[in-house]
Amino acid sequence: MTGTLLMRFLTRSLLSGNPIIRSRGVASFIWTTAKRTNAFLISGRVAFCLGLPTVCYLGHEAYRGIHSAAVVFALEKAEEEIIEQADYLHSCAETEKLYQLLQQYNNSNDVEFLWRLARATRDRAMVQGVPADQKKALVYEAFGYAEKALEKDDACFASHKWYGILLSDLGDYMGTKHKLAKSLVIRKHLERAKELNPNDPTTVYILGYWCFSFAELSWSLRKLATVIFGTPPTSSYEEALEFFLKAEEVKPGFYSKNLLMLGKTYLALKDKENAHLWLTKARDYRPITTEDKEVHQEAVQLLKRLG
């Protein structure tokens, strides 16, 4: 009788009192705990010896275990929902809202928050009209999140990706020599990100952009790179094209800049037909962000030159 009452108490009070605990996993834990406690109490060998204090203690321990599981579940669920909301805001280019949302977690040690903080902070820095000093501060802030994310989990592809991107961004403030000196480190992190997640199109695109940049490196920059490296990093338009096409294969139309870079790469390779094809796609891409609008304008100008 005592065991039956305890089982009823556990199932009714805990399941009805907290809607979060209605999840299948926690509910299963409650039911299993109650059944085991009930069986233990009604066994003829020990029921007489236990007495009421022990019954209450078992009930308390069961409640404490259930309560802890419920709290952990609730926190994990809340974090999942924040991450989902963050990704949705990013997809809608709601840069300011996203930044404000994630700033609540700027002391987090969770890599999933950290790399998203790096991305959101960088996005905010790139918004048109942001004062130069504020932009610089945001880029350094974003790099701090990316660096911490990499420290916390170097098996996370996004940590490597955003570390590489932001290390490159820092070069805008630390000089061309620094940017060239870090170029191989940047590529190493991008390659690692691609290795960990080959289906992320933006990582593949950035590798293509890296190759394009070194393919068109000016004579003066090549000379500087020779001073830094002895044998400077090299690439080709063909290698850049391979990455840009691969990114488009992974996710067609994912990014206006990839379409533009395909057009520019084909132009560099003197393939006017394919250049026209991809520049037209870049021009006709529905603009959402400031960058999309800039891509549209550049594509229009390049198409005019092609005639």
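Residues numbered from 1 in each chain as written. Predicted model: local features only at pLDDT ≥ 70, side-chain atom pairs only at ≥ 80, totals over all residues. Heavy atoms only, no water.

Trainee: Which residues make up the overall build of the protein chain, and what values do they have?
Mentor: A tally of regular secondary structure across the protein chain gives 15 helices and zero strands. Taking all 307 residues of the protein chain together, the buried fraction comes to 39%. Carbon and sulfur atoms form 55% of the exposed surface of the protein chain, whose accessible area is close to 17200 Å². (Helix = DSSP H or I, 4+ residues; strand = E, 2+ residues; numbered from the N terminus. Buried < 20%, exposed > 50% of the residue type's maximum accessible area, 1.4 Å probe, protein only. Areas by Shrake-Rupley, 256 points an atom, 1.4 Å probe, with all protein chains shown as cover.)

Trainee: Lay out the side chain of Glu248 with the relevant residues and their values.
Mentor: Take Glu248: it is sitting in helix α12 (residues 237-250). Of the side chains bearing the opposite charge, Lys281 lies closest to the buried Glu248, which forms no salt bridge; the N-O distance is 6.3 Å. A distance of 2.4 Å separates the side chain of Glu248 from the backbone nitrogen of Gly253, its partner in a polar contact. Residues contacting Glu248, with those up to four places away along its chain left out, are Gly253, Phe254, Asn258, Leu259, Leu262 and Trp278. (Lys, Arg positive; Asp, Glu negative; His and termini not counted. Salt bridge = Lys/Arg side-chain N within 4 Å of Asp/Glu carboxyl O. Polar contact = N/O pair within 3.5 Å; in protein donor to acceptor, adjacent residues only side chain to side chain. Contact = heavy atoms within 4.5 Å.)

Trainee: Help me get a handle on the nonpolar core, residues and values and all.
Mentor: In this structure, Leu102, Trp162, Tyr205, Phe244 and Leu260 are the most contacted members of the largest nonpolar core, which totals 65 residues. Once residues within four sequence positions are removed from consideration, Trp162 is found in contact with Trp115, Ala118, Arg119, Arg122 and Ala146. (Core = buried A, V, L, I, M, F, W, Y, C linked by side-chain atoms within 4.5 Å.)

Trainee: Can you tell me about the pattern of salt bridges, naming the residues and giving the values?
Mentor: Tallied over the full model, the rule gives 13 salt bridges. One salt bridge in this structure joins Glu191 and Arg187, with 3.1 Å as the shortest N-O distance. Here the residue Glu191 and the residue Arg187 both occupy positions in helix α9 (residues 183-196), the gap between them amounting to four residues, near one helical turn. For Glu191, a relative accessible area of 31% gives the class partly exposed. When its relative accessible area of 15% is taken as the criterion, Arg187 is described as buried.

Trainee: Lay out the environment of Phe254 with the relevant residues and their values.
Mentor: Within the fold, Phe254 resides in the loop between α12 and α13 (256-268). For Phe254 and Pro201, which are 53 residues apart along the polypeptide, the C-alpha to C-alpha distance reads 7.6 Å. Sequence-distant contacts of Phe254, that is, excluding residues within four places in its chain, are made with Pro201, Thr202, Tyr205, Ala247, Glu248 and Tyr285.

Trainee: A description of the environment of Ser218 should follow, citing residues and the corresponding values.
Mentor: The topology assignment puts Ser218 in the loop between α10 (201-215) and α11 (219-229). Judged by relative accessible area, Ser218 falls into the partly exposed class, the value being 32%.

Trainee: Outline the packing of α13 against helix α14 (residues 272-284), listing residues and values.
Mentor: For the pair α13 and α14, interaxial distance at closest approach is 8 Å and the crossing angle is 160°. In terms of their interaxial angle, α13 and α14 are classed as roughly antiparallel. With respect to the hand of their crossing, α13 and α14 are arranged in left-handed fashion. Contacts between α13 and α14 involve Ser256, Leu259, Leu260, Leu262, Gly263, Lys264, Tyr266 and Leu267 on the former and, on the latter, Asn274, Ala275, Trp278, Leu279, Lys281 and Ala282. (Axes fitted to C-alpha atoms, helices over the stretch in contact; angles between N-to-C directions. Parallel < 35°, antiparallel > 145°, perpendicular 65-115°, else oblique. Left-handed = near helix turned anticlockwise from the far one by under 90°.)

Trainee: Explain the side chain of Asn258 to me, using residue names and the numbers behind them.
Mentor: As for its placement among the helices and strands, Asn258 is situated in helix α13. Apart from residues no more than four positions distant in its own chain, Asn258 is found in contact with Tyr205, Phe244, Ala247 and Glu248.

Trainee: Account for a negative patch on the surface, with residues named and values stated.
Mentor: On the surface, Glu79, Glu80, Glu81 and Glu84 cluster together into a patch of negative charge. Tracing the chain through its elements places Glu79 in helix α3 (residues 47-91). Note on Glu79: relative accessible area 34%, which makes it partly exposed. (Patch = residues over 30% accessible without salt bridge, like charges linked within 9 Å, V, L, I, M, F, W, Y side chains within 5 Å. Charge placed at Lys NZ, Arg CZ, Asp CG, Glu CD.)

Trainee: Requested: an account of α9, with residues and values cited.
Mentor: The terminal C-alpha atoms of α9, which comprises 14 residues, lie 20 Å apart, in line with the 20 Å expected from a rise of 1.5 Å per residue. Where α9 is buried, its residues contact α6 (132-152), α7 (157-174), α8 (176-181), α10, α11 and α12. (Expected span 1.5 Å × (residues − 1).)

Trainee: If you had to explain the packing of α10 against α13 to someone new, which residues and values would you point to?
Mentor: Where α10 meets α13, the axes come as close as 11 Å, and the angle between the chain directions of the two elements is 35°. For α10 against α13, the interelement crossing comes out left-handed. Counted together, Tyr205, Tyr209 and Phe212 of α10 and Lys257, Asn258, Met261, Lys264 and Thr265 of α13 form the full contact between these two elements.

Trainee: How would you explain the packing of aromatic side chains if you had to name every residue and give the values?
Mentor: Each pair of aromatic rings is reported with the distance of its centres and the angle of its planes. What the rule picks out here adds up to nine aromatic pairs. Note on Tyr140 and Tyr173: the rings are 6.3 Å apart at their centroids and 50° apart in plane angle, and the pair reads as tilted. Residue Tyr140 is found in helix α6, and its partner Tyr173 is found in helix α7; the two are separated by 33 residues along the sequence. On the basis of relative accessible area, Tyr140 is assigned to the partly exposed category, the value being 37%. (Phe/Tyr/Trp six-rings, centres within 6.5 Å; stacked < 30°, edge-to-face > 60°.)

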